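# Structural overview for review
So you can see what is in the structure, the chains are spelled out below.
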Amino acid sequence: MSNWKNFKLDEFKCKHCGENEIEYELIDKLQLLREDLGFPFIISSGYRCEAHPIERKKKKPGTHNLGIAVDIACSHKEALQIVSAAEGYGFTGIGVNQKGNGRFIHLDISKAEANRPRPHIWSY
Ligand SMILES: [Zn+2]
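Residues numbered from 1 in each chain as written. Predicted model: local features only at pLDDT ≥ 70, side-chain atom pairs only at ≥ 80, totals over all residues.

### Details of the overall build of the protein
For the protein, the count of helices and strands is three helices and five strands. For the protein, the sequential pattern of α-helices and β-strands runs α-β-α-β-α-β-β-β. In summary, the protein has a C-alpha radius of gyration of 14 Å against a globular reference of 14 Å for 124 residues, a match within 12%. Projected onto the principal axes, the alpha-carbon positions of the protein cover approximately 35 × 30 × 30 Å. By the burial criterion, 27% of the 124 residues in the protein qualify as buried. Contacts in the protein between residues at least 24 apart in sequence constitute 61% of all its contacts with a sequence separation of at least 6. (Helix = DSSP H or I, 4+ residues; strand = E, 2+ residues; numbered from the N terminus. Rg over C-alpha atoms; globule rule 2.2 N^0.38 Å. Buried ≥ 20, exposed ≤ 12 C-beta atoms within 10 Å, placed from the backbone. Contact = placed C-beta atoms within 7 Å.)

Quick look at the structure:
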């Protein structure tokens, strides 16, 4: 499936160059979570190519570069609702950035890897 009720594929493209290798499985899970929670998800980061400034700093490709991660701009009650429900929809990595400006929740569907324990929650 590549047609989602609340998301367009373009929302997940690399903000640096427009390339888009996001996994459809990630959006499928996000759509179910979105329907459960009932408020709009603002995608602040989806797929990131290797040349994206954030990925370029990493020693090995991160989950955004693998197309299996998304950052949702949100805060307060909505952020808590996303964190609370995410694992039940198959998200295995939950990153919490809820301080100051630019608040978001990172969700990914990575399997456990060396240096990438799953399931896992962290803060930035
Ligand atoms: Zn790019």
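### Looking at the pairing of strand S4 (residues 104–108)
Within S4, five of the five residues are buried, which leaves it mostly tucked inside the rest of the structure. Burial along S4 is two-sided: the residues Phe104, His106 and Asp108 and Ile105 and Leu107 are all buried. The pairing of strand S2 (residues 69–73) with S4 spans five bridges and is classified as antiparallel. Residue pairing across strands places Asp71 opposite His106, the latter belonging to S4. Note that strand S3 (residues 93–97) and S4 share five bridges and pair antiparallel. (Pairing = 2+ DSSP bridges.)

Honestly, it's all geometry; don't read function into it.
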